[in-house]
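Tertiary structure, described
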Amino acid sequence: MMVNFELNGQETTIDGDINLLEFLRDHARLTSVKNGCAEGACGACMVLVDGKAMRACLLSTAKVSGKSLLTVEGLSELEKTIYSWAFATAGAVQCGFCIPGMVISAKGLLDKIPEPSRAEVKKALHGNICRCTGYVKIEQAIFMVAKALREGFTPPTGMTYKVGDRMPRVDAKGKVLGTAEYVDDMYLAGMLHAAILRAPSARALIKRLDISAAQALPGVEAVITARDIPGRRHQGHITPDWPAFIAEGEETRYIGDALAAVAAVTKKIAQAAIKLIKIEYEELQPLTTPQAALADGAPQIHPKGNLLAKTVLKRGDAAAAIAQARYVVSQRYTTPATEHAFLEPESALAVPNADGTLTVYTSGQNVYDDHHGIVSLLGVEENAVRIISKMVGGGFGGKEDLSVQHHAALLAWHTGKPVKNTLSRQESINVHPKRHAAELEFTTACDENGIITAMKAELIADTGAYASLGGPVLQRACTHAAGPYQIDNVDIVGLGVYTNNPPGGAFRGFGVTQSCFAMENNINMLAAQVGISQWEIRFRNAIEPGKILPNGQIADQGTALKETLLAVKAAFESSPNAGIACSMKNAGIGVGLPDIGRAKIRVENGKAVILTGAACIGQGLVTVMIQIACETAGLDYRVLTAADPDTYLTPDSGTTTASRQTVFTGEAVRQAALCLKAALQTASLAELEGREFYGEYSGVTDPMGADKANPVSHVAYGYASQVVILDETGKLLKVVAAHDVGKAINPTGVEGQIEGGVVMGLGYALTEDFPLKDGVPMIKYGTLGLFRAGNVPEIESIIIGKNQSELAYGAKGVGEITTIPTAPAVAGAYLRMDGKVRPNLPLADTPYSRKK
């Protein structure tokens, strides 16, 4: 069967009918067309078919026979220039994985409607999902494109950028045009494809694996199991409890457990081989709730039992203060597990080198974490493995654990050939850690004036099958549970419990989204009892510089919570259907743990090259580092660039987590740039060719339980107040988000983080869920409840900053806090609207509620 169609102006003929996305990526090698879900939900594979935006994954080559197809590669040079300029200038690009699909949808609209309305833009983007930006700046960029196409366009020249300027993202053009390289865009000669055999159920005793039929399948180069691991089988950030493969005679702990891996010459052969592996197993009853796991006589998921961690935080005498209080509120809350839903599924490419070493290309949140795990698994010296990060298509905490990297490395080690391992979207949903589901019991007390005198909380987090970062997540949930208020008496106990559900791990907010939801709702109920507004009770209790936080730390002079409250006061008072919530979030790992940012600046070929292992996962770190270096060394931004994170070349600057990179790596870059600046006093940049300048920043903090009256838990905190306004029908009308970010290194980038975080928080509040049946996710990407452009209300971002610290020019982390107060603010708006307390997420009885 011969199929003919026009592709980007060229006549194309293929023999046979295959999926169009497969053809465009694997045969035509068009990297702007992304495989985000392969189920027609995300829009990352959008192409124009006879001028209409359509999802390639839902089409076959036969269905486009005789038609004209256009991808971003086929845009005119003028269009490429305009789209790149507009999306970069507007700040519409973060991780970038969704952006070429957005461009195609925009072109399909503007070719028909050169001057569209906002409603028409939102409608055109209905088939596209962005998990990073919140759509606000994407819509703005489309209006800029439309105007430039109508009225003409002259590229801006002569720009200079330093700290505080709205510098366009340095990686935006490549991401807009689809030339920025993600791992799954890479193809090597002789490359094999991996497939992984997963557990037959959440809990099963694996008696025997028969891999003989898979090994005999033509095209299969290797089938490996637990017995083929040369080094340490169990991995983990803190607790090494996660095996690369479940061995015969062992129980599976969740549906994502790996039993075997195949490397084959094609994806289809690899998948066929997996189906040929015979599993002899005994189905066992899974433990799917913390209560079941903690019950007397419950099977032990791990040798040390089913309790992963316990966190206790006590100050003062909460019981006595509650007994003496004028008003007391107690309420039980539940929050669900949440899927990160980053647009880029996990992918790794492992390449054996002639010298016996192995290079692994990854898209995780720290190349050194990947390196540590793979070296341990292979049982080799550290210099035997090199990790290089390509573009990262979103993370939000979900790419901190080993998911594909170790299996690709093992298969490449055994075959001696390059092996790519890319998860399908459903496999990704089943495998990687989620935001912890939590059950919370909060009691909050205040006096007759609404001054909060005490709070008591019990938190139970479902940490799923493996530890991941469940212990630290539980700590942050507890240390932030009392909120950014002056409360002398707190009694907080948290438990992290193993179950047979998918693991709970890092997710934007790191446990604070759960505890903040409970605390802020309790405060609203206290306000009603006292007879004051939601805004007033928060202002009366808000932390101030020099005052003591509930964890005992003294708030520094850059603390600006009250300023954020004043910034949103008018918005709150503008509507009887407005809700408000406040939050705080640490920058840096803190609590006495080593936390170091490192960077080098190397003068190479007339450029000042920033080298750091810190991962940019969409937050704009590279642009921020360049602005800091420009400001410090007095260089033009055009002579600055940054290398990809690479364990052979770039120093370890820690994981992109805990809202730490702008502060820690930013300060390390500032220190390196100060050294460069000193050298430039006596030499030109050209004369410094080959020189390196090193910078480092170590955040010194006190451990949990330190014997100090006022321990320093973290080097910095950000603060926020958000107001959510509903219309008379209960639909979202507007969100006003004021964030104390210290110094905004790049205001456009900060706004993008706020908008994206708010939209993620709205989904958490209203539509997102993660239903499980016997530990198995009963959901697909398209049914997660992710917000689309048409769901998003007006978002007003207000940047507050009075921090005068020299540390990273006074910047604080903003990546996580933007999501934290949104859900309780939404709950507060509905409480004011109809008087109903909604203690469970997603919120019930709203216009957004889905039938179950």
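Now for a description of the structure that goes with this document. Just so it is clear, the model here is predicted, and its values are computed rather than measured. The written sequence of each chain sets the order in which its residues are numbered from 1. Local features in this predicted model are restricted to residues of pLDDT 70 or higher, and side-chain atom pairs are both shown and tallied only at a pLDDT of 80 or more, whereas totals for entire chains, interfaces and linings draw on every residue. Values reported for side chains reflect all heavy atoms of the structure, with hydrogen atoms and water molecules removed beforehand.

**Concerning the overall build of the chain**
Our working definition: Helix and strand definitions follow DSSP, with helices as H or I runs of at least four residues and strands as E runs of at least two, each counted in order from the N terminus. When we talk radius of gyration, it's over C-alpha atoms, and the globule rule is simply 2.2 Å times the number of residues to the 0.38. Accessibility here uses a 1.4 Å probe with only protein chains present; expressed as a share of the type maximum, an area under 20% marks a residue as buried, one over 50% as exposed, and anything in between as partly exposed. By definition in these notes, contact holds between two residues if any of their heavy atoms fall within 4.5 Å. In this count, Lys and Arg are taken as positive residues and Asp and Glu as negative ones, while His and the chain termini are left out. The location of each charge is read from NZ of Lys, CZ of Arg, CG of Asp or CD of Glu.
Across its full length, the chain carries 21 helices and 31 strands. Over its C-alpha atoms the chain spans a radius of gyration of 26 Å, differing by no more than 12% from the 29 Å that the globule rule assigns to 852 residues. The dimensions of the chain, computed from C-alpha atoms along their principal axes, are 80 × 70 × 60 Å. Relative to its full complement of 852 residues, the chain shows a buried share of 63%. By sequence separation, contacts in the chain at least 24 residues apart represent 79% of the contacts at least 6 residues apart. Charge separation in the chain, taken as the distance between the mean sites of 81 positive and 87 negative side-chain charges, equals 3 Å.

**Comments concerning the packing of aromatic side chains**
Basically, it comes down to this: Note on ring pairs: Phe, Tyr and Trp rings are taken, using the six-membered ring of Trp, and paired if centres are within 6.5 Å. Classes follow the plane angle, with under 30 degrees stacked, over 60 edge-to-face and the rest tilted. Criterion for a charge above a ring: Arg CZ or Lys NZ at most 6 Å from the ring centre, at most 35 degrees from the ring normal.
For the coordinates displayed, the defined rule picks out 13 aromatic pairs. For the pair Tyr 83 and Phe 87, a centre-to-centre distance of 6.2 Å together with 40° between the ring planes defines the contact as tilted. Placement of the pair is Tyr 83 and Phe 87 together in helix α2 (residues 77-90), with a separation of four residues, close to one helical turn. Both residues of the pair, Tyr 83 and Phe 87, belong to the buried class. Here the aromatic cluster, defined as three or more aromatic residues joined through ring pairs, consists of Trp 242, Tyr 254 and Tyr 466. In this arrangement the basic side chain of Arg 670 is found over the ring face of Tyr 809, its NZ or CZ atom lying 5.7 Å from the centre.

**Considering the sheet that holds strand β28 (residues 732-740)**
Defined as follows: Strands were regarded as paired on the criterion that DSSP finds at least two bridges between them. What counts as an axis is a line fitted to C-alpha atoms, over the stretch in contact for a helix, and the angles between N-to-C directions run from 0 to 180 degrees.
Read across the open sheet, the four strands follow the order β22-β27-β28-β31; overall the sheet is mixed. Pairing within the sheet leaves two strands with one partner each, and these edge strands are β22 (578-587) and β31 (794-800). On average, each strand axis in the sheet is tilted by 15° relative to the strand beside it, whichever way the strands run. Docked against the sheet, helix α20 (residues 747-766) engages β27 (716-726), β28 and β31, running at close to 130° with respect to β31.

**Thoughts on the packing of α2 against helix α5 (residues 136-151)**
Formally: Put simply, angles under 35 degrees are roughly parallel, angles over 145 are roughly antiparallel, angles from 65 to 115 are roughly perpendicular, and the rest are oblique. When the near helix sits turned anticlockwise from the far one by under a right angle, the crossing is termed left-handed; a clockwise turn instead gives a right-handed crossing. Ten residue types, Ala, Val, Leu, Ile, Met, Phe, Trp, Tyr, Cys and Pro, are classed as nonpolar, four, Asp, Glu, Lys and Arg, as charged, and the remainder, Gly among them, as polar.
Relative orientation of the contacting elements α2 and α5 amounts to 140°, with a least axis distance of 8 Å. Taken together, the axes of α2 and α5 lie oblique to each other. When you trace α2 past α5, the crossing you get is right-handed. Facing Ile 82, Tyr 83, Trp 85, Ala 86, Phe 87, Thr 89 and Ala 90 of α2, the residues of α5 in contact are Lys 137, Ile 138, Gln 140, Ala 141, Ile 142, Met 144, Val 145, Ala 148 and Leu 149. Among the residues forming the contact of α2 with α5, the class breakdown is 13 nonpolar, two polar and one charged.

**Side note on the side chain of Thr 656**
Inspection of the secondary structure puts Thr 656 in the loop between β25 (640-642) and α19 (661-680). When near neighbours in sequence (up to four residues on either side) are disregarded, Thr 656 contacts Gln 365, Glu 400, Ala 614, Ala 615, Ile 617, Gln 619 and Gln 661.

**Re the pairing of strand β8 (residues 220-224)**
In terms of burial, β8 is largely enclosed, as four of its five residues are buried. Pairing geometry for β8 and strand β11 (residues 258-264), over four bridges, is antiparallel. Directly across from Ala 222, in β11, lies its bridge partner Ala 263.

**As for the nonpolar core**
So the rule is basically this: Nonpolar cores were defined as sets of buried Ala, Val, Leu, Ile, Met, Phe, Trp, Tyr and Cys residues, with membership established by side-chain atoms within 4.5 Å.
Phe 87, Phe 442 and Tyr 781 are the most contacted members of the largest nonpolar core, which totals 145 residues. Ranked by residues supplied to this core, first place goes to α20 with nine residues. If we ignore the near neighbours within four places in the chain, the residues touching Phe 87 are Ala 92, Val 93, Ile 99, Met 102, Val 103, Ile 138, Ala 141, Ile 142, Val 145 and Val 176. Listed in part, the 57 residues of the second largest apolar core include Ile 274, Ala 348, Leu 411 and Leu 423.

**Notes on unusual backbone geometry**
Going from Leu 841 to Pro 842, the amide bond is cis rather than trans, its omega being -10°. Tracing the sequence through the fold places Pro 842 in the segment after α21 (822-834). Of note in the backbone geometry, Phe 396 takes a positive phi value of approximately 60° without being a glycine. Look at Phe 396 and you get buried, because its relative accessible area is 12%. Positive phi outside glycine occurs at Ala 658, with the angle close to 55°. Tracing the chain through its elements places Ala 658 in the loop between β25 and α19.

**Considering the sheet that holds strand β26 (residues 692-698)**
The strand order across the open sheet formed by four strands is β25-β24-β23-β26, and the pairing between neighbours is mixed. Strand pairing shows two members of the sheet lacking a second neighbour, β25 and β26, which therefore form its edges. Neighbouring strand axes in the sheet, compared pairwise and without regard to direction, differ in orientation by 20° on average. Strand direction decides the pairing type here: strand β23 (residues 596-604) and strand β24 (residues 607-611), joined by five bridges, are antiparallel. Looking across to β24, one finds that Ile 601 is bridged to Ile 610. Packing against the sheet, helix α18 (residues 621-633) makes contact with β24 and β25, and its axis sits at approximately 145° to β25.

**What about helix α11 (residues 367-378)?**
Residues three or four positions apart in an α-helix share a direction because the helix packs 3.6 residues into each turn. Threshold: In this analysis, the expected span of each helix is defined as 1.5 Å times one less than the number of residues it contains. Pairing of N or O atoms within 3.5 Å defines a polar contact, subject to two protein rules: one partner must be a possible hydrogen donor and the other a possible acceptor, and residues neighboring in sequence count only if both atoms are side-chain atoms.
For α11, built from twelve residues, the straight-helix expectation of 16 Å at 1.5 Å per residue is met to within 8% by its first-to-last C-alpha distance of 16 Å. Buried within α11 we find Val 367, Asp 370, His 371, Gly 373, Ile 374, Val 375, Ser 376, Leu 377 and Leu 378. Here the buried face of α11 lies against β9 (234-235), β16 (358-362), β17 (385-389) and α12 (405-415). The N-capping residue of α11, defined by a side-chain oxygen 3.0 Å from the backbone nitrogen of Tyr 368, is Asn 366. Backbone geometry just after α11 places Gly 379 at a positive phi near 70°.

**With respect to the side chain of Ser 713**
For Ser 713, the location among the structural elements is in the loop between β26 and β27. With residues up to four places along the chain from it excluded, the contact list for Ser 713 reads Asn 551, Gln 553, Gly 590, Val 591, Thr 701 and Asp 702.

**Notes on α20**
With 20 residues, α20 extends 28 Å between its outermost C-alpha atoms, agreeing within 8% with the 28 Å of an ideal straight helix rising 1.5 Å per residue. Across the 20 residues of α20, 19 count as buried, placing the element largely inside the fold. One side-chain oxygen of the residue at the start of α20 lies 3.1 Å from the amide nitrogen of Thr 748, identifying that residue as Asn 746.

**A word on the pattern of salt bridges**
Applied cut-off: The term salt bridge refers to a pairing of a side-chain nitrogen on Lys or Arg with a carboxyl oxygen on Asp or Glu at a separation within 4 Å.
Taken as a whole and assessed by the stated rule, the structure comprises 46 salt bridges. For the salt bridge of Asp 50 with Lys 67, the shortest nitrogen-to-oxygen distance reads 4.0 Å. Pair noted here: Asp 50 is in the loop between β3 (46-49) and β4 (52-55) and Lys 67 is in the loop between β4 and β5 (68-70), with a separation of 17 residues, a long-range link. Overall, the relative accessible area of 31% leaves Lys 67 in the partly exposed class. Here Arg 598 and Glu 696 are joined by a salt bridge, their closest N and O atoms 3.9 Å apart.

**Regarding the packing of α11 against α12**
Axis separation between α11 and α12 bottoms out at 10 Å; the angle between their running directions is 40°. Classed by the angle they form, the pair α11 and α12 counts as oblique. Every pair of crossing elements has a handedness; the one defined by α11 and α12 is right-handed. Two secondary-structure elements touch here, α11 through Asp 370, Ile 374, Leu 377 and Leu 378 and α12 through Gln 405, His 406, Ala 409, Leu 410 and Trp 413. Tallied by class, the residues present in the contact of α11 with α12 amount to six nonpolar, two polar and one charged.

**Quick notes on the environment of Leu 807**
With respect to the helices and strands, Leu 807 occurs in the loop between β31 and α21. What makes Leu 807 buried here is its relative accessible area of 17%. C-alpha separation for the pair Leu 807 and Val 493, spaced 314 residues apart in sequence, amounts to 33 Å. Leave out the neighbours within four places in its chain, and Leu 807 touches Val 663, Glu 667 and Tyr 697.

**Re the environment of Cys 132**
Relative to the helices and strands, Cys 132 is located in the loop between α4 (118-124) and α5. Ignoring any residue separated from it by four or fewer positions in sequence, one finds Cys 132 in contact with Gln 94, Cys 95, Phe 396, Gly 752 and Gly 756.

**What to know about the pairing of strand β15 (residues 347-352)**
Taken across its six residues, β15 has five buried, putting it largely inside the fold. Relative to strand β18 (residues 419-422), β15 is paired through four bridges, and the arrangement is antiparallel. In the strand pairing of β18, Ser 347 is matched with Thr 422. Examined bridge by bridge, β15 and β16 share four bridges and lie antiparallel to one another. Counterpart to Val 351 in the pairing with β16 is Thr 359. Hairpin geometry of β15 and β16 is characterised by an intervening segment of five residues between the two adjacent antiparallel strands and by a positive phi of about 90° at Gly 356.

As far as function goes, none of this settles anything; it's purely spatial.
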